[in-house]
Structures are given as C-alpha cells and as structure tokens.
Amino acid sequence: MNNFKKSTIYQIYPKSFYDSNGDGTGDIQGIIQKLDYIKSLGVDYIWSTPFFASPMNDNGYDVEDYRKINPLFGTMEDVEELIAKAGERGIGLMFDMVFNHTSTKHEWFRKALSGDRNYMDYYIFRDGSPETPPTNWTSKFGGSAWEYVPSLKKWYLHLFDVTQADLNWNNPNVREELKNVIRFWKKKGVKGFRFDVVNLISKPEVLEDDTTGDGRRFYSDGPHVHEFLKELAADTEIEDMITVGEMSSTSLEHCIRYSNPDEKELSMCFNFHHLKVDYKDGNKWELMEPDYQKLKELFETWQTEMEKHNGWNAVFWCNHDQPRIVSRFGNEKKYWKESAKMLAVCIHMLRGTPYIFQGEELGMTNPGYEEIGEYRDVESIHYYHILLEEGKTQKEALEILGQRSRDNGRSPMQWNSDKYAGFSEKEPWIGVPENHRFINVEAENQDADSILNYYRKLVDLRKRYTVIQDGGIEFLFQKQREVFAYKRLLDGQELIVLNNLTEKEVFLQEAIISKGYECLISNYEQDGKDSTLQSLRPYESIVMLNKQVG
Ligand code: GLC
C-alpha cells in the first residue's frame, strides 16, 4: 500500500526549473543537480510535467512519442539517472501521461492523415462539409474544437490546440497502446502517474451541438470514463501506485468515484472549482476580486463529502497552468511573507495530499510581463487576440493576461540573485521577474523565518502528526467570510487551523479557547499567555494542537 496520505508532492515544470547546459531552457540534468534541494523540502514524490518527444506547441502536452525524450530536455539515460538518483534519496517520480490527445506529429496521427483506416479510428474523425464543423463545440484554447482535413474530407476533434488531436478511447486498440506506455515507464522505475485531463477521455459515440454551452457537458466525466480508468489501472497493475487525475470541469460525485479505493481507479483527483472564485461569471478572461465566501464553501463541501464517501483530494493552489497564489489571493507587496505562509497553511493542513509547485515554496509572484511579446503560452496568445477582437484595448487585454496567463506560473525558478536568477547562464526562454533579487532559494535558505523554511515545516508536520494525515475535518466560522478555519480530529487529537484571508485585522465571531493547546506553527509571534484568541492580525495563521495527546 502506498503512503500518499503522509506524502507531499513537488511539481516540476522542467522547462523552467534549472538549465544545466546553458541553452536558456531547463532540462533533466538540471533536475538531477537540484535533487538535494528537493530532498531538503522533505517531499516524497516529484511530479514532472512532460518531457517526451514533442513539437512543443503546448510545451510538451502535445506528445509525439510517449517513449522518447525530447532532446531539448535530455536523453533516456538522463531520465533513467533521474529516476535512480531520486530513488536513492527516497523520492519517487510521477510521470505525466497525456492520454486525452496526441500531437498531430504523432506517428498514429500521421498514419491517420495518410488515410490509414486503422489509425483514423485512433482519433475522432467526422464527416462534414468544409464550411460547417460537425458540432459547435469550442476548444479550451479558443476557437472551434474541429479542424478540417481536405485530403480526407473529414474533420478531427481537438479539445485543446489544433495540433492536439483527441484520441478515440472507444477503440480498444487505443486503450491497449496507452496501457503499453504505462507498462514501459513502470518498468523503468517510475513510482506513480499524473493523468492529464483524464476525465475528458470518454466521448459519446454520437456527437451533437451544445445549445447551452461549449460542448463540455457531453465529454466531461463522459459515458465510459470510469470503466476506462478501471480497465487501465487493472491491466497495468497500477492500483497500488500513486496516481492522480487532472479533472476538468468535473463534479464531486465523479471525483468520489475516481478516488474511492474500492473503485480501483485513481488515488486522488485535482479539481479546479476553488480556482474559479475570481472568474467573473465563470469566465477566466474576466477579472474579479476573489469571492472568499465561495472559496470557503467549496473547500467545505469537497472536504466533508470526500471524507464521508472515502474519496481523496489532491490539494493545491499552484501549478503550471495557474497564476501564482501570493499574487492572486495574497498580497505580494506589504504582506508578501505573511500571506504566502497563510495560504500555504490553508492547503497543507487539509485532508488530502498537498502539492507544491516549483517556486511556490519561495513565495514566487506573477512575473508582471508587460508586452504581448513576453508571453510564450499558446492559450495566452490565442486569448490575447480573442480579447482584442471582443473589443478590449491592448492595455486591458494585457492587464487580464497579467493576472490570468498560464505563463504566470512558468517564469524561471529563482535560485539566486544573479542576472537570470541562477536558472541559466544564458537569457532564459521566458523572462525572469525583477524580484528574484530577494525572492530566491539562496536568500531564503539563510533566513530561518523565510517562506521556504515555513514550507519545510509544513511538510514535516504532515509526516509527524497522524491527525493531519488521517484526521476527520470540521469547518469553523463558516459564515465569517474573512476567516478560513477548520478542525482536524483523530483519536482525541484535535488540531485547530485558523487563517485570516485578508489584510485587515478580524475579530472572530466566537473566541477560541487556546488554553490547553500548543501552537505548532504560526506566521506571527504567539506569546502563549492568552487563554483565548479573539482576533487575527493581517493574514495571520495559527495551527494549534491540544496538549493532552500532542
Ligand atoms: C492540462 C495541462 C495543460 C495542458 C492541457 C492539455 O490541463 O495541465 O498544461 O495545456 O492539459 O494537455
């Protein structure tokens, strides 16, 4: 049985992690060179985003060959060395399996394009006149989800970029091919898998127009998704490995099924509902202040229901698709340190497996790119043009990108205060934020009170306390918008977690008796004299455990 309840997972975006060969792009050897740093965080697994052969239109999420390494990142020997050297340090590797689609450069798709019937059935081709796509569905990156191939007189489905063609999971040969990919990496010693947008793999046989939306209701958590996942897990014998599915526009009911161990599908799920509380009318490209009440309610529902039904959440704020959390729900200026630490506590004490995305542990911020030429991400560039077409000015569109672009999470890891943040000797593929002068590993290693050292403590607390790993959860101050608070409970142990989400002092609707509790961690000095807690200072966060059994 694996130990994912006590584990913390560190996510690496190799392109932006560390450049070992001075070409401006991060690589596998770069990860190897930084393994001791990763070990120093106390994490148990590394999830690396894809480094497989790819034309890189979507930075590796467009896979050309699942068994080959993109030379930009290194060689198969480098990957084997990474698995071995991480293993020596007690760290398992989780690889990213992009199985909803392949690159249009993949051999299967090229054969399909040449008219090979067998391979055409690997993808979702439909007849139709060149003027009208088979359905009105839109791609997640903007525009139609269909592309016409004149030589075949057919359209193919791409829920993402036009170079990412959706696979046809209804075809058993496709499922078998993908199982072989898992078997291949398992044999190499990989310890777990992250499955990219895996709740989108099952499309209905008959595709129809969506009169009320963009098509997602037909294919998100689609008709055979649970069957397919069970089959994949059983046939590749990964039921006891650590696996996480990325779920796009999913539901709680489905996530319970995906992650309940009796179902033997996945260990846990990522969902994104809590990261849409600042989307105006659910639209990522319309800015809005975060709705903290909604955020609290979402956590409460997902946490309590997952506990009730024996499901398991992956808990996280950041990844390579998300803006930096301290810039988003915190305060990157006046309360940079306090708010980054508070936000870390919100997640790390929850019931679930926490993920740290590279640089989050430093309190890295959105980079503040000011020109469209500074952006690299396919989605951001598409949407920039869509926003202009919709009538936004350049300034407005850039303001939106500045907060919403996926490139916000992709700026180079800040290792030190050198010109390129110690990431590379050469100008990196994407710009380095100016604040790397003080937000960096070297500086924070030397500061006992740094965000980095705070993350280390949080990872360690999860290892030491079973109540954090396994305890039940109850929410406190549900109606007090500014306060995100909960209790974790296990065999007489009681952990109280209090967080002020705002930059104002807040008075608790009910005082908390702190007598008999010890403070495990806080981002403010706690004098320990008071026996009650009446208020929380700006972004204050406190974690307390009752003494009797602590
Ligand atoms: C996932 C990945 C994202 C990628 C998309 C398509 O959401 O995290 O980076 O663009 O899937 O593969």
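Everything below is about the structure printed above this text.
Because the structure is a prediction, the values reported are computed rather than measured.

### A closer look at the state of the cysteines
- On inspection of all chains with the given rule, the structure shows zero disulfides.
- Cys-255 forms no disulfide, and the closest cysteine sulfur to it belongs to Cys-269, at a distance of 3.9 Å.
- You can call Cys-255 buried: its relative accessible area is 0%.
- Not engaged in a disulfide, the cysteine Cys-318 finds its nearest cysteine sulfur in Cys-346; these two sulfurs lie 12 Å apart.

### Notes on the sheet that holds strand E12 (residues 242-246)
- With parallel pairing, the eight strands of this open sheet are ordered in space as E13-E12-E11-E5-E2-E1-E17-E16. Of all strands in the sheet, those bounded by a partner on one side alone are strand E13 (268-270) and strand E16 (314-315).
- Two elements, strand E1 (residues 9-12) and strand E17 (residues 353-357), share three bridges in a ladder whose sense is parallel. By the bridge assignment for E17, Ile-9 is matched with Tyr-355.

### A look at the packing of aromatic side chains
- Evaluated as defined, the whole model comprises 42 aromatic pairs.
- Arranged with centres 5.3 Å apart and planes meeting at 55 degrees, the rings of Trp-137 and Tyr-219 form a pair that is tilted. Note that Trp-137 is positioned in the loop between strand E7 (125-127) and strand E8 (146-149) and Tyr-219 in helix H7 (residues 216-219), a separation of 82 residues in sequence.
- Overall, Trp-137 belongs to the buried group, its relative accessible area being 1%.
- For the ring pair Trp-336 and Phe-438, a centre distance of 5.9 Å and an interplane angle of 85 degrees mean the geometry is edge-to-face. With Trp-336 in helix H12 (residues 336-348) and Phe-438 in the loop between helix H14 (394-404) and helix H15 (441-445), this pair connects stretches of sequence that are 102 residues apart.
- With relative accessibility at 51%, the residue Phe-438 sits in the exposed group.

### So, the pairing of strand E15 (residues 283-287)
- Here two bridges tie strand E14 (residues 279-280) to E15, and the two strands are oriented antiparallel to one another. Bridging across to E15, Lys-280 finds its partner in Asn-283.

### Quick word on the site of the ligand
- In the vicinity of the ligand lie 14 residues, with Asp-58, Asp-196, His-320, Asp-321 and Arg-406 positioned nearest.
- His-101 places a side-chain nitrogen or oxygen 2.9 Å from an oxygen atom of the ligand.
- One of the side-chain nitrogen or oxygen atoms of Arg-406 is found 2.9 Å away from an oxygen atom of the ligand.
- Notes on the ligand: free accessible area 310 Å², of which the protein chains cover 96%.

### Considering helix H3 (residues 76-88)
- Taking 1.5 Å per residue, 13 residues should reach 18 Å; H3 reaches 18 Å between its end C-alpha atoms and fits that length.
- Where H3 is concerned, the buried positions are Met-76, Asp-78, Val-79, Leu-82, Ile-83 and Ala-86. Buried residues along H3 cover an arc of 165 degrees about the axis, so they all sit on one side. Residues of H3 that are exposed and point more than 90 degrees away from the buried face comprise Glu-77 and Glu-88.
- Buried-residue contacts for H3 involve helix H1 (28-33), helix H2 (35-41), strand E4 (65-69), strand E5 (92-97) and helix H6 (172-187).
- Just downstream of H3, Gly-90 is the residue with a positive phi angle, here 75 degrees.

### What about the packing of helix H13 (residues 378-389) against H14?
- Interhelical geometry of H13 versus H14 gives an angle of 145 degrees and a closest axis separation of 9 Å. H14 is crossed by H13, and the crossing has right-handed handedness. The segment H13 lies against H14, with Ser-380, Tyr-384, Leu-387 and Leu-388 engaging Gln-394, Ala-397, Leu-398, Ile-400 and Leu-401.
- The residue makeup of the contact of H13 with H14, split by class, is seven nonpolar, two polar and no charged.

### Brief notes about the side chain of His-226
- With respect to the secondary-structure elements, His-226 resides in helix H8 (residues 225-236).
- Discounting residues that sit within four places of it in the chain, His-226 has contacts with His-254, Arg-257, Tyr-258 and Glu-265.

### Let's talk about unusual backbone geometry
- In this model, Met-56 sits at a positive phi of 65 degrees, which is unusual for a non-glycine residue.
- Position of Met-56 among the secondary structure elements: in the loop between strand E3 (52-53) and E4.
- For Met-56, a relative accessible area of 16% puts it in the buried group.
- Despite not being glycine, Glu-237 shows a phi value in the positive range, around 55 degrees.
- Examined against the element boundaries, Glu-237 turns out to sit in the loop between H8 and E12.
- Glu-237 sits in the exposed class, given a relative accessible area of 58%.

### Re the nonpolar core
- Grouped together as the largest cluster of nonpolar side chains are 155 residues, with contacts concentrated most on Ile-38, Phe-95, Trp-185 and Trp-317.
- It is H12 that contributes the most residues to this core, eight residues altogether.
- In this view, Trp-317 contacts His-274, Leu-275, Leu-295, Phe-299, Gln-322, Ile-325, Phe-329, Leu-343, Ala-344, Cys-346, Ile-347 and Glu-360; residues no more than four positions away in its chain are not counted.
- Core analysis: the second largest hydrophobic core is formed by 16 residues, Trp-137, Ala-145, Phe-160 and Leu-207 among them.

About the cut-offs
Residues numbered from 1 in each chain as written. Predicted model: local features only at pLDDT ≥ 70, side-chain atom pairs only at ≥ 80, totals over all residues. Heavy atoms only, no water. Disulfide = S-S within 2.5 Å. Buried < 20%, exposed > 50% of the residue type's maximum accessible area, 1.4 Å probe, protein only. Pairing = 2+ DSSP bridges. Helix = DSSP H or I, 4+ residues; strand = E, 2+ residues; numbered from the N terminus. Phe/Tyr/Trp six-rings, centres within 6.5 Å; stacked < 30°, edge-to-face > 60°. Near = heavy atom within 4 Å. Polar contact = N/O pair within 3.5 Å; in protein donor to acceptor, adjacent residues only side chain to side chain. Areas by Shrake-Rupley, 256 points an atom, 1.4 Å probe, with all protein chains shown as cover. Expected span 1.5 Å × (residues − 1). Arc of directions from axis to C-beta. Contact = heavy atoms within 4.5 Å. Axes fitted to C-alpha atoms, helices over the stretch in contact; angles between N-to-C directions. Left-handed = near helix turned anticlockwise from the far one by under 90°. Nonpolar A, V, L, I, M, F, W, Y, C, P; charged D, E, K, R; others polar. Core = buried A, V, L, I, M, F, W, Y, C linked by side-chain atoms within 4.5 Å.

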